[in-house]
Amino acid sequence: MKKEYIIPIFVPNLGCPNECTFCNQKKISGQQTNVTETDVTETIEYYLKNFKDESKYIEVAFFGGSFTGIDIEIQKKLLEAANKFIQNGKVGSIRISTRPDYINKDILKILKRYHVKTIELGVQSSNDYILRRSKRNHTFEDVIKASKLIRRYGFKLGHQMMIGLPESTELDEINTAKDLIKLKPKMIRIYPVLVIKGTELEYEYREGEYKPLTIEQAVERAKEVTYLFRKKKIDVIRVGLQNTEEITDPNQDGSEVVAGPYHPAFRQLVEADMWYDSIAERIRHINTKVKEVEIAVNNEDVNNVVGHKRENIAKLKEFYDVEVSVKQNEGLKPGKFEIKVLSTY
């Protein structure tokens, strides 16, 4: 199986006429200027030179802003620059992210022409009140229509949702996940809301009108919706914002994050919490008082089983009085584990 590589190209706010309360794309992406076709070519060439794996599938991804809201001629120039690398066999496909209200048949026909394979929609919530509250300026009906069109035209559909939006509850986010599942995306990104400098949300936060989630709350909510997507075999391709020089610890110089559930290993916190739940449940169902167990997992799961800073090992000892050791077993599929009782009380 070929390893997949993504070449990210950020087009912050270039196609977006409004700013949501939480959004400052140029800060989030670390990109401060608009992108040209020359930038696209140079970026792709740079990444191609630095990829080590010979057996790889490469996709160029236009992130940030709303790609299909860009002036159509600029869209074509950016796509053409990337498409040249598809034509010469160096790149496999193109991926874009955009708003659901910027999708129609004409746009999709153009994207087909330039070998775009995947379209990700920034959904954020399926609750129209929360969308209005965050000044998204689209409705969930727009998401439904765009998702159906994208799938009808043969593109891979991706969705992006947020947890911790103003006035959004855990139930709202679970309902959003369920609503998205009905639209049959192939992949999902889950982003906790961070308060970014220069946004309306920063003003609301400083005025006491918005209270961000704690890390613990954000992990719990992200975990619950991840369970729902995985149950339906929808690939959760990201949990948490990409760490950059700007999106980092609020206490660090140069950080654009004012407040919110920032953590450099947010996804690991979520994955580790899910592993803890599974292991704890298995231990509870053993018909004896367990003192020591050995857990065998695939090598790629070891860090998540142990937990960030060995938190899972510590919690199992604290709450169940169980000593846990972890053993690598490449014969087990990722996500699977075996538990062996070494001693009992």
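Let me sum up the structure you'll find in this document. Since the model is a prediction, treat every value here as computed from it, not as a measurement. (Residues numbered from 1 in each chain as written. Predicted model: local features only at pLDDT ≥ 70, side-chain atom pairs only at ≥ 80, totals over all residues. Heavy atoms only, no water.)

This paragraph deals with the overall build of the chain. Counting its secondary structure elements, the chain contains twelve helices and twelve strands. Over its C-alpha trace the chain gives a radius of gyration of 22 Å, about what one expects of a compact globule, namely 20 Å for 345 residues. A burial count over the chain gives 50% of its 345 residues as buried. For the chain, long-range pairs separated by at least 24 residues make up 78% of all intrachain contacts whose partners lie at least 6 apart in sequence. On the chain, roughly 17300 Å² of surface is accessible, and the fraction owed to carbon and sulfur atoms is 46%. A gap of 7 Å separates the mean positions of the 55 positive and 51 negative side-chain charges of the chain. (Helix = DSSP H or I, 4+ residues; strand = E, 2+ residues; numbered from the N terminus. Rg over C-alpha atoms; globule rule 2.2 N^0.38 Å. Buried < 20%, exposed > 50% of the residue type's maximum accessible area, 1.4 Å probe, protein only. Contact = heavy atoms within 4.5 Å. Areas by Shrake-Rupley, 256 points an atom, 1.4 Å probe, with all protein chains shown as cover. Lys, Arg positive; Asp, Glu negative; His and termini not counted. Charge placed at Lys NZ, Arg CZ, Asp CG, Glu CD.)

So, on to the pairing of strand β5 (residues 156-163). Successive side chains on a regular strand alternate, one facing one side of the sheet and the next facing the other. Most of β5 is tucked away: seven of the eight residues are buried. Inspection of the sheet shows strand β4 (residues 116-124) paired to β5 by six bridges, in the parallel sense. Paired with Gln-124 across the two strands is Met-161, which belongs to β5. As paired strands, β5 and strand β6 (residues 187-192) are joined by six bridges and run parallel to one another. The residue of β6 that forms the bridge with Met-161 is Ile-190. In this fold, β5 hands off to helix α7 (residues 170-182), which returns the chain to β6; that crossover is right-handed. (Pairing = 2+ DSSP bridges. Right-handed = clockwise from strand over helix to strand, strands pointing away.)

Residues Lys-117, Arg-151, Lys-156, Lys-184 and Lys-186 make up a contiguous surface patch of positive charge. For Lys-156, the position within the fold is in strand β5. (Patch = residues over 30% accessible without salt bridge, like charges linked within 9 Å, V, L, I, M, F, W, Y side chains within 5 Å. Salt bridge = Lys/Arg side-chain N within 4 Å of Asp/Glu carboxyl O.)

The seven strands lie next to each other as β1-β2-β3-β4-β5-β6-β8, forming an open sheet whose pairing is parallel. Both outer strands of the open sheet, β1 (3-10) and β8 (235-239), are each paired with one neighbouring strand and no more. Each strand axis lies, on average, 25 degrees off the axis of its neighbour in the sheet, ignoring direction. In this fold helix α6 (residues 140-152) packs onto β4 and β5, with an angle of close to 170 degrees to the strand it touches most, β4. (Axes fitted to C-alpha atoms, helices over the stretch in contact; angles between N-to-C directions.)

In total, this model carries six aromatic pairs according to the counting rule given. With a centroid separation of 6.1 Å and 40 degrees between ring planes, the pair formed by Phe-10 and Phe-63 is classed as tilted. Taken together, the positions of Phe-10 in strand β1 and Phe-63 in strand β2 (residues 56-63) put the pair 53 residues apart, joining distant regions of the chain. On the basis of relative accessibility, which here comes to 27%, the residue Phe-10 falls in the partly exposed class. (Phe/Tyr/Trp six-rings, centres within 6.5 Å; stacked < 30°, edge-to-face > 60°.)

A cluster of acidic residues, Glu-37, Asp-39, Glu-42 and Glu-45, forms a negative patch at the surface. Tracing the backbone through its elements, the reader meets Asp-39 in helix α2 (residues 37-50).

On to the side chain of Glu-271, then. Checked against the element boundaries, Glu-271 lands in helix α10 (residues 266-284). Apart from residues lying up to four places away in sequence, Glu-271 is in contact with Arg-230 and Asn-304.

Turning our attention to the sheet that holds strand β12 (residues 337-344). Within the open sheet, the three strands sit side by side as β11-β10-β12. Their pairing is mixed. Only two strands of the sheet have a single partner each, and these edge strands are β11 (323-328) and β12. Adjacent strand axes in the sheet meet at a mean angle of 20 degrees, parallel and antiparallel pairs treated alike. Where strand β10 (residues 290-297) meets β11, six bridges bridge the pair, whose relative direction is parallel. Paired with Ala-296 across the strands is Lys-327, a residue of β11. In the packing of α10 onto the sheet, contacts are made with β10 and β12, and the angle to β12 comes to roughly 50 degrees.

So, about the environment of Phe-140. Tracing the backbone through its elements, the reader meets Phe-140 in helix α6. On a C-alpha basis, the gap between Phe-140 and Gln-124 in space is 9.6 Å, while along the polypeptide they are 16 residues apart. Every residue in contact with Phe-140, bar those within four places of it in the chain, is listed here: Val-123, Ser-125, Ser-126, Asp-128, Leu-131, Asp-179, Leu-180 and Leu-183.

All right, on to the nonpolar core then. Looking at soluble globular proteins, one finds that nonpolar side chains tend to be buried together. Core analysis: the largest hydrophobic core is formed by 60 residues, its most contacted members being Phe-62, Ile-119 and Phe-229. The dominant element in this core, judged by the number of residues it contributes, is helix α3 (residues 72-87), at six residues. Every residue in contact with Phe-229, bar those within four places of it in the chain, is listed here: Met-161, Ala-177, Leu-180, Ile-181, Ile-188, Ile-190, Ile-234 and Val-236. Ile-283, Val-290, Ile-295 and Val-324 belong to the second-largest nonpolar core, a separate cluster that totals 17 residues. (Core = buried A, V, L, I, M, F, W, Y, C linked by side-chain atoms within 4.5 Å.)

By themselves, these are just geometric observations and shouldn't be taken as functional.
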